[in-house]
Amino acid sequence: MSSRIEQLINEIDEYIEECKFKAFSNTEIIVNKDEIQDLLGELRLRIPDEVKRYQKIISNQDAIISDAQAQAQAILAQATAQTDELVSEHEIMQRAYAQANEVVEQAQAQAEEIVNRAVAEADEVRSGAIQYTDEMLGNLQTIISSSMESAQSRFDSFMQSMQSNYDVISSNRNELAGSIVSGDGEQPQEPEGEEGEQ
């Protein structure tokens, strides 16, 4: 899809290059609203589905952690039920307490591990989505920057051409001014800036 995005950028650049300048302006152009909106609309549709999926996973990060906490609470509830069953027997009261404490500690450790793993997975997915999105935007930024530099180069070339035409016209006017003869037959006066250049 990246190649199509780059192609769309090039099509937009070509379209802008083909647009006519507004009257009495060298920078403002006339754009067909429908055509440029069609190109921009397709560009938006080309955003990779992976980015949208990552964004959905990020938005559900709290749900992932909540589910892990629910599992941890279920384990703790089961451990508590086992503890109640063990301590109900008077003959093994001491051993029941020891086993109950061990079960609770194991349950807490398992619950903490589940929560930590869920948080780590959610953070990893979020980090991957951010990195992928940043790389895509970086590619778009590079393409747009290249288009801007190309447009600036064409504008500079146009200004150089205009300056060259201006210089030729100025030179022609100076030559015409030098050929004008005054009414009393005096020799033609040299145009300003050209004395001593014979």
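Residues numbered from 1 in each chain as written. Predicted model: local features only at pLDDT ≥ 70, side-chain atom pairs only at ≥ 80, totals over all residues. Heavy atoms only, no water.

Its 13 residues give helix α2 (residues 33-45) an end-to-end C-alpha distance of 18 Å, which sits within 8% of 18 Å, the value for a rise of 1.5 Å per residue. Listed in full, the buried residues belonging to α2 are I36, L39 and L43. End-on, the buried residues of α2 take up no more than an arc of 60°, which puts them together on one face. Those residues of α2 that are exposed and angled more than 90 degrees off the buried face are K33, D34, D38, R44 and L45. Capping the start of α2 is the job of one residue whose side-chain oxygen sits 3.1 Å from the backbone nitrogen of D34: N32. (Helix = DSSP H or I, 4+ residues; strand = E, 2+ residues; numbered from the N terminus. Expected span 1.5 Å × (residues − 1). Buried < 20%, exposed > 50% of the residue type's maximum accessible area, 1.4 Å probe, protein only. Arc of directions from axis to C-beta. Polar contact = N/O pair within 3.5 Å; in protein donor to acceptor, adjacent residues only side chain to side chain.)

Moving on: the confidence of the model for the protein. Segments scoring low in pLDDT should not have their predicted coordinates read at a detailed level. Mean pLDDT over the protein: 80, with 83% of residues reaching 70 or higher. The least confident element of the protein, judged by mean pLDDT, is helix α3 (residues 49-59) at 66; the most confident is helix α5 (residues 93-179) at 87. Here residues 181-185 scores under 50 on pLDDT; set against residues more than four positions off or in separate chains, the count is one contact. Contacts for the low-pLDDT stretch residues 193-198, under 50 throughout, to residues beyond four places or in other chains number three contacts. (pLDDT = per-residue confidence, 0-100. Contact = heavy atoms within 4.5 Å.)

On to the nonpolar core, then. Ranked by size, the top nonpolar core spans eleven residues in total: I5, L8, I9, I12, Y15, C19, I36, L39, L43, L140 and I143. Listing elements by their share of this core, those giving two or more residues are α1 (2-18), α2 and α5. Considering each element in turn, this core owes the most residues, five residues, to α1. With seven residues, the next largest nonpolar core counts A79, A107, I114 and V115 among its residues. (Core = buried A, V, L, I, M, F, W, Y, C linked by side-chain atoms within 4.5 Å.)

Attention now moves to the pattern of salt bridges. Under the criterion given, the structure shown has four salt bridges. Taking the shortest distance from any N to any O, the salt bridge between R154 and E17 comes out at 2.8 Å. Taken together, the residues R154 in helix α5 and E17 in helix α1 connect sequence positions 137 residues apart. Among the residues examined, R154 registers a relative accessible area of 32% and is labelled partly exposed. For E17, a relative accessible area of 46% gives the class partly exposed. (Salt bridge = Lys/Arg side-chain N within 4 Å of Asp/Glu carboxyl O.)

Attention shifts here to the layout of surface pockets. Empty space within the largest pocket amounts to approximately 550 Å³. Contributing to the lining of the largest pocket are 19 residues, with D13, I16, E17, A151 and R154 lying nearest its centre. Looking at the lining of the largest pocket, the elements that each hand over two or more residues are α1 and α5. Among the residues forming the lining of the largest pocket, the class breakdown is 13 nonpolar, three polar and three charged. (1 Å grid on protein atoms, 1.4 Å probe; cavity = no way out; pocket = protein on both sides within 12 Å on 5 of 7 lines; lining within 4 Å. Points joined across faces, edges and corners; volume = space filled by probe spheres on them. Nonpolar A, V, L, I, M, F, W, Y, C, P; charged D, E, K, R; others polar.)

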